[in-house]
Amino acid sequence: MKKIIIALFIVCTTTIGFAQEPVKINNGDHTMTIGGVFSTFMNWRDYPAGVTENLAKNTMKIKDARLTIEGKVGDDYEYQLGVNFAALSSAVIDPSGPALYDANFTYKGFKKIANITIGYGKIPYSNASMIEHEWSPFWSRATISKGDCFSRRDVGIKLTRSFWKDRITAFAGVYTGVGEVVLTGTNDPSGAYEYVGRVQVSYPDKMPKGFADTKVRTTPNFALGLNSRYSKRSLPVGTTFLAGEVGALLNDTTLNFKVVNGEKIVYGADFSVEYMGFSAQFEGHTIKGTPQNANDPLLAGLPKTLTKGYFQAGGWFGQLNYYSKKIKTIVSARYDEMNANDLITGVSKNLAVSLCYQLNGYKSMIRAEFYRNLSQTEAINTSKWNNEWRVGWQLNLQ
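Not measured: the values here are computed from a predicted model.

So, how was this worked out
Residues numbered from 1 in each chain as written. Predicted model: local features only at pLDDT ≥ 70, side-chain atom pairs only at ≥ 80, totals over all residues. Heavy atoms only, no water. Helix = DSSP H or I, 4+ residues; strand = E, 2+ residues; numbered from the N terminus. Buried < 20%, exposed > 50% of the residue type's maximum accessible area, 1.4 Å probe, protein only. Phe/Tyr/Trp six-rings, centres within 6.5 Å; stacked < 30°, edge-to-face > 60°. Lys NZ or Arg CZ within 6 Å of the ring centre and 35° of its normal. Pairing = 2+ DSSP bridges.

Draft legend 1. Quick peek at unusual backbone geometry. Cis geometry marks the peptide bond from Y203 to P204, where omega comes out at 5 degrees. Position of P204 among the secondary structure elements: in the loop between β9 (194-203) and β10 (221-233). Phi is positive for W164, which is not a glycine, with a value near 50 degrees. In this structure W164 comes out as partly exposed when scored by relative accessible area, which is 44%.

Printed below as a string of C-alpha cells:
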C-alpha cells in the first residue's frame, strides 16, 4: 500500500509539474483538484566555542513531498486532504511540517449563519501560523509561531463567517487541544478541549495570502487580526500528557508549555501592510499558564508569594519585505524575540534575512537564507548555534 501511495504521488506531481498547474477533474457538480508541493534545502550551522556541535543538522533535507486534494460537491460541500510523504518516516511529529496536513470537509449550506468545517486542519490562530511556508520568504517561522508554544493543527469543529466582501472574517472553533499528536488517535487523560476565536479585518482587499507584496499594489492594503485560545487540562493523579504533547522548545522538557497541567490562555494580534512592492508584518502573543499543582516545574520552584500561582511566556516578531518585479526577487528581514518563562531569567533574540528568486512566482522559487542567534541568555533554550545558512528550491503546484 505504501508503494502504491508513493507511486501515486510521483505520477501526480510529475503530471502537474509539466503543466505548472494542478490537475482538475470534473464530473457533473463534483470538481476535484489535485496538486502538490516539493521543496528541498541544504542546511549548515556553526557553533560558538564550548558548545557541543550537532553536526547532524548540517545536511540536505526534503521538507515537502506533499500531495494535496481539494474537492467541491455542488455549492454546499468542500473537502481537503493533504499528505506530506517527506514526514511519513519520522517518529516525531513536526508541527511545522506534519505527515498529515489536512483531512476535513466543510458544509456551506447555512450561508446566513456560518460555514462549518469538521476534521483535521489548521487552527484559526496567528496569521504567521496559518500561512504555509511555500507562501513565505522563509523556510521556518519565528519561534513564537512555529508550533512549539501553541499547536498549529488539531481535530475539531470550526465555524467561519465572512462579511463585507470577505474583508472581515470571524472564526470560532472547538478542538481536542492536544494539537498535532491527536493523530495518535486519542485525547490526553484530562479529556479536555481547547476553544479558539479569531477575527481579521482588511482593507481595501481581503487578507493577503502571503507576506510579500508580489502584486505591487498601487493602493495600500492593511490587515489586522485579533485572536485568543483557552484550555483547562487537569490531569488525574498518576497520569501524564501524550508523548510530544507538551512541545519541544526547551532543553528541560518539564518546562515546555505547549499544553499545561492546569489552565492556559493565549492571546495575540497580527498586523500587516502592503504597498508598491513593500510589505511589513508585526505579530505578538502572550501566554499565561496556571498549573493545578503548586510544585509544577513551570513555576520554577518559587513560592506562591512571588509567582501568584502562574507563569507567563510570549514573543513577537517584526518582518520587512520588498518585491522587485523587474528582477523577480523578494528581499526580507525578520527580527524576533521570545521569553519562554518570566520566572526564569533571559530571553532569546534572533535575526533572519532571506533572498528569494522567483523563476515562476511561488510555483518555482529559489530561496537563500541566513539566520543569526543574537542572544541566548535563557539557559532553557535549545538553540545553541551561532549562525545558520539555508539554500533550497520549491515547486509549488497548488
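Once you've had a look at it, read on.
Draft legend 2. Representation of the packing of aromatic side chains in the model. Evaluation of the coordinates by the stated rule reveals 13 aromatic pairs. The interplanar angle of 45 degrees and the centroid separation of 5.1 Å between the aromatic rings of W44 and W389 together place this pair among those described as tilted. Placement of the pair is W44 in strand β2 (residues 30-46) and W389 in strand β17 (residues 387-397), with a sequence separation of 345 residues. For the pair Y107 and F110, a centre-to-centre distance of 5.2 Å together with 75 degrees between the ring planes defines the contact as edge-to-face. Judged by relative accessible area, F110 falls into the partly exposed class, the value being 40%. Every member of this aromatic cluster is reached through a ring pair, and the members are W44, F370 and W389. Above the ring of F138, the side-chain terminus of R334 is found at 4.4 Å from the ring centroid.

Draft legend 3. Representation of the pairing of strand β14 (residues 329-339) within the structure. As paired elements, strand β13 (residues 311-324) and β14 share eleven bridges and run antiparallel to each other. Within β14, the position partnered with Y322 by the bridge is V331. What sits between the antiparallel neighbours β13 and β14 is a turn of four residues, in which K328 has the positive phi angle 55 degrees. Relative to strand β15 (residues 348-360), β14 is paired through ten bridges, and the arrangement is antiparallel. Note that in β15 the partner of A333 across the bridge is V353.

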